[in-house]
Amino acid sequence: MSAMQICSYGWIVFLVIWLVAWFKTKRTQERVDFRSRMLYGVPVFIGSYLIFGDNVSGWLQQRVIPKNLGIEVLAVSLTAIGIAFAIWARFYIGDNWSSAVSIKVDHELIRTGPYAWVRHPIYSGLLLAMIGTALARREPRGLLAVVLLWLGFWIKSRMEEGFMQKTFGDEYQEYSRATGALIPRMRL
């Protein structure tokens, strides 16, 4: 079994867990409009298609990373760690989670668990997992997929930051100063 097949199975497990968890969320109080959702959804969709799609051709599918056991182990490890971190963050945020940028009824600001390290740990985990999967793919489309996912998550996190600031005010401002958005902030 190749590293890419193992990573793909990890992503399937992720999707199944995500779909099951999707059913347990609070009612939505406020959500961004459809156009705003497309701003971050399109890059995420295209990035996902690039990494997992079979109909990618040309220079995007040229092998640029040679087959190497060390790289394959690293690829599978990064994918597994990233997926596990995203799942942990998803279950930790509980019923406050939403697939779209939104505020839930009785929304709570979560600042513990993975949220003590970064404000958007689900995106951090998914990006780490995508970097691992891109290494397993060993083609330029993997790098392009990571860039597109990062762009989509950056846009989405900026929208979420606005909602959180509006909802939690100074408490969120303090939380933002203490934690990084996608990468933990170094504390000296």
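Note that the coordinates shown come from a computational prediction; the quantities given were computed from them, not determined experimentally.

Turning our eyes to something else, we now look at the packing of helix α4 (residues 121-137) against helix α5 (residues 140-168). Two numbers describe how α4 lies on α5: the axes approach to 8 Å, and their chain directions differ by 170°. When the axes of α4 and α5 are compared, the pair comes out roughly antiparallel. Within the contact between the two elements, α4 uses Tyr-123, Leu-126, Leu-127, Met-130, Ile-131, Ala-134 and Arg-137 and α5 uses Arg-141, Gly-142, Leu-143, Val-146, Leu-149, Trp-150, Phe-153, Lys-156, Ser-157 and Glu-160. Partitioning the contact of α4 with α5 into residue classes produces 11 nonpolar, two polar and four charged.

Its location among the elements puts His-107 in the loop between β2 (102-104) and α4. Within the structure, His-107 has its side chain in polar contact with the backbone nitrogen of Lys-104 (distance 2.9 Å). The residues contacting His-107, other than those within four sequence positions of it, are Lys-26, Asn-96, Ser-102, Met-164 and Phe-168.

With that settled, consider the environment of Asp-54. Within the secondary structure layout, Asp-54 lies in the loop between α2 (34-52) and α3 (69-93). Classification of Asp-54 by relative accessible area gives exposed; the value is 72%. Each C-alpha atom, one on Asp-54 and one on Ser-124, is 26 Å from the other, the two residues being 70 residues apart in sequence.

Turning our attention to the packing of aromatic side chains. All told, the structure shown has 12 aromatic pairs when counted by the stated rule. Ring geometry for Trp-11 and Phe-52: centres 5.8 Å apart, planes at 75°, overall edge-to-face. You can see Trp-11 sitting in helix α1 (residues 3-22) and its partner Phe-52 sitting in helix α2, a full 41 residues away along the chain. What makes Trp-11 buried here is its relative accessible area of 10%. What makes Phe-52 partly exposed here is its relative accessible area of 31%. Ring centres of Phe-14 and Trp-18 lie 4.6 Å apart, and the angle between their planes is 35°; this geometry places the pair in the tilted category. Of this pair, Phe-14 and Trp-18 both sit in helix α1, four residues apart, which is roughly one turn of that helix.

Once that is clear, we can look at the confidence of the model for the protein. Per-residue confidence for the protein gives a mean pLDDT of 92, with 98% of residues at or over 70. Mean pLDDT across the secondary structure elements of the protein bottoms out at β2, with 88, and peaks at α4, with 97.

We now examine a nonpolar patch on the surface. Nonpolar side chains collect at one region of the surface, where Met-1, Ile-6, Tyr-9, Ile-12, Val-16 and Val-20 lie side by side and expose about 640 Å² of accessible area between them. When you line up the elements, Ile-6 lands in helix α1. Taking relative accessible area as the criterion, Ile-6 reaches 36% and is therefore assigned partly exposed.

Applying the stated criterion to the full structure yields eight salt bridges. Residue Glu-161 is joined to Arg-119 by a salt bridge in which the shortest nitrogen-to-oxygen separation is 3.0 Å. One end of the pair, Glu-161, is in helix α5; the other, Arg-119, is in the loop between β2 and α4, and 42 residues separate them in sequence. No difference in accessibility class separates Glu-161 from Arg-119, as the two residues are buried. Sharing partners across several salt bridges, the network here consists of Arg-63, Glu-139 and Arg-141.

Cut-off values and rules
- Residues numbered from 1 in each chain as written.
- Predicted model: local features only at pLDDT ≥ 70, side-chain atom pairs only at ≥ 80, totals over all residues.
- Heavy atoms only, no water.
- Axes fitted to C-alpha atoms, helices over the stretch in contact; angles between N-to-C directions.
- Helix = DSSP H or I, 4+ residues; strand = E, 2+ residues; numbered from the N terminus.
- Parallel < 35°, antiparallel > 145°, perpendicular 65-115°, else oblique.
- Contact = heavy atoms within 4.5 Å.
- Nonpolar A, V, L, I, M, F, W, Y, C, P; charged D, E, K, R; others polar.
- Polar contact = N/O pair within 3.5 Å; in protein donor to acceptor, adjacent residues only side chain to side chain.
- Buried < 20%, exposed > 50% of the residue type's maximum accessible area, 1.4 Å probe, protein only.
- Phe/Tyr/Trp six-rings, centres within 6.5 Å; stacked < 30°, edge-to-face > 60°.
- pLDDT = per-residue confidence, 0-100.
- Patch = residues over 30% accessible without salt bridge, like charges linked within 9 Å, V, L, I, M, F, W, Y side chains within 5 Å.
- Areas by Shrake-Rupley, 256 points an atom, 1.4 Å probe, with all protein chains shown as cover.
- Salt bridge = Lys/Arg side-chain N within 4 Å of Asp/Glu carboxyl O.

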